[in-house]
Amino acid sequence: EIGRNVSQKEFFQTIFRDNFEHRAGERDAKGRQISMHSFFFIIDAKERTIVGKSSSRELIKMIERAKKYDYFTPNMFISHRFFSKEMLTLLGVIVLDFDLDTFGVSMTKEELYRYIEKILNVQPSMIWDTKTIGNYQVAILIEPMTGTPKSVHLYEQIVKEMVLKLKLCDVACANANHIF
């Protein structure tokens, strides 16, 4: 529904759906309980370094922690310690980062929605403001993919192709473990 504001709770429910329950009850090769984790971060803007990090394996805790942290990982990791590509276990959303000011472009969210729909022939699930006025991030929900090396590579190649077609995105968002 274009133009409808959502609560923070609705936002995270849409991004993560039931992904925290994926592989619930399963154990890895070493017999350890498998659980899905997403990360939150505080980043020092001047130094461009992570100064705070937390992970969560429950949607309710994600919503609570979102009040203290500025950034998050939309894809899921098997480890609560590391957010490297090797630890990715579930990819369920593509997030595109539109730094429109870099390109000297100004658009409303609705104009950006129509632009993406026209260029990619896909409808964004959500568009939200970034800290820089006039810049946006866009979520496109996908059928969840298991985080194998091949699927991570495929995911990144698809996102890179989308970024190239759209021409207004930050190419760094193509990394499967990118922080938003």
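A brief structural summary. (Residues numbered from 1 in each chain as written. Predicted model: local features only at pLDDT ≥ 70, side-chain atom pairs only at ≥ 80, totals over all residues. Heavy atoms only, no water.)

Some details on the nonpolar core
The cut-off we apply is this: We call a set of buried residues a nonpolar core when its members are Ala, Val, Leu, Ile, Met, Phe, Trp, Tyr or Cys and they connect through side-chain atoms within 4.5 Å of each other. For each residue, the accessible area found with a 1.4 Å probe, counting protein chains only, is set against the maximum for its type, and the residue is called buried under 20%, exposed over 50%, and partly exposed in between. Numbering of helices and strands starts at the N terminus; helices are DSSP runs of H or I of at least 4 residues and strands are runs of E of at least 2. In what follows, residue pairs with any heavy atoms lying within 4.5 Å of each other are defined as contacts.
Phe12, Leu96 and Phe98 are the most contacted members of the largest nonpolar core, which totals 52 residues. In terms of residues, this core owes the most to one element, strand S5 (residues 88-98), which gives 8 residues. Setting aside anything within four residues of it in sequence, one finds Phe12 in contact with Arg17, Phe40, Leu59, Met62, Ile63, Ala66 and Phe72.

Some remarks on the packing of aromatic side chains
The line we're drawing: Classification of ring pairs uses Phe, Tyr and Trp, with its six-membered ring standing for Trp, and accepts pairs whose centres are within 6.5 Å; under 30 degrees between planes counts as stacked, over 60 as edge-to-face, and the remaining range as tilted.
The tally for this structure, following the rule as stated, stands at 7 aromatic pairs. An angle of 80° between the planes, with centres 5.1 Å apart, marks the rings of Phe11 and Phe12 as edge-to-face. Residue Phe11 is classed as buried on the basis of its relative accessible area, which comes to 12%. On the basis of an interplanar angle of 85° and a centroid distance of 4.8 Å, the ring pair of Phe11 and Trp128 is categorised as edge-to-face.

Observations regarding the sheet that holds strand S3 (residues 71-72)
Spelled out, the test is: Strands qualify as paired when DSSP identifies two bridges or more between them.
Here we have 3 strands laid out as an open sheet, ordered S2-S1-S3, and antiparallel in their pairing. Each having just a single partner strand, strand S2 (49-56) and S3 make up the two edges of the open sheet. Relative to S2, strand S1 (residues 38-44) runs antiparallel, the two being bridged by 7 bridges. The partner of Phe39 across the bridge, within S2, is Ser55.

Brief notes about helix H3 (residues 109-120)
To keep things clear, this is the line we draw: The span you would expect from a helix comes to 1.5 Å times its residue count less one. The arc in question is formed by the directions pointing from the helix axis toward the C-beta atoms.
In this model, H3 (12 residues) spans 16 Å end to end at C-alpha, consistent with the 16 Å of a helix rising 1.5 Å per residue. Residues of H3 that are buried include every one of Leu112, Tyr113, Ile116 and Leu120, and no others. The arc that holds the buried residues of H3, viewed along the axis, is 105°, so those residues lie on one side. Among the structural elements, S5, strand S6 (126-129), strand S7 (136-146) and helix H4 (149-166) are those in contact with the buried residues of H3. Positive backbone phi, approximately 60°, marks Asn121, located one or two places after H3.

Structural notes on the packing of H3 against H4
Counted only if it meets this: Structural elements are reduced to axes, namely lines fitted to C-alpha atoms, with helices fitted over the stretch in contact, and the angle between N-to-C directions of any two is expressed from 0 to 180 degrees. Comment on the angle field: the value is read as roughly parallel under 35 degrees, roughly antiparallel over 145, roughly perpendicular from 65 to 115, and oblique elsewhere. Throughout, a crossing is termed right-handed when the near helix is turned clockwise from the far one, and left-handed when it is turned anticlockwise from it by less than a right angle. Residues are grouped as follows: Ala, Val, Leu, Ile, Met, Phe, Trp, Tyr, Cys and Pro are nonpolar; Asp, Glu, Lys and Arg are charged; every other residue, Gly included, is polar.
Where H3 meets H4, the closest approach of the two axes is 10 Å, and the angle between their N-to-C directions is 110°. What the angle tells us is that H3 and H4 run roughly perpendicular. H4 is crossed by H3, and the crossing has right-handed handedness. Residues Tyr115, Ile116, Ile119 and Leu120 of H3 touch H4, and the partners they reach there are Met162, Lys165 and Leu166. Class assignment of the residues belonging to the contact of H3 with H4 gives a composition of 6 nonpolar, no polar and 1 charged.

Digging into the sheet that holds S6
The strand order across the open sheet formed by 4 strands is S4-S5-S7-S6, and the pairing between neighbours is antiparallel. Since the sheet does not close on itself, it has two edges, and those belong to strand S4 (76-77) and S6, each with one partner. Judged from the 2 bridges that link them, S4 and S5 form a sheet pairing that is antiparallel. Paired with Met76 across the strands is Leu90, a residue of S5. The strands touched by helix H1 (residues 8-16) within the sheet are S4, S5, S6 and S7, with S6 carrying the most contacts at an inclination of about 135°. Strands S5, S6 and S7 of the sheet are contacted by H3, whose axis makes an angle of about 140° with S6.

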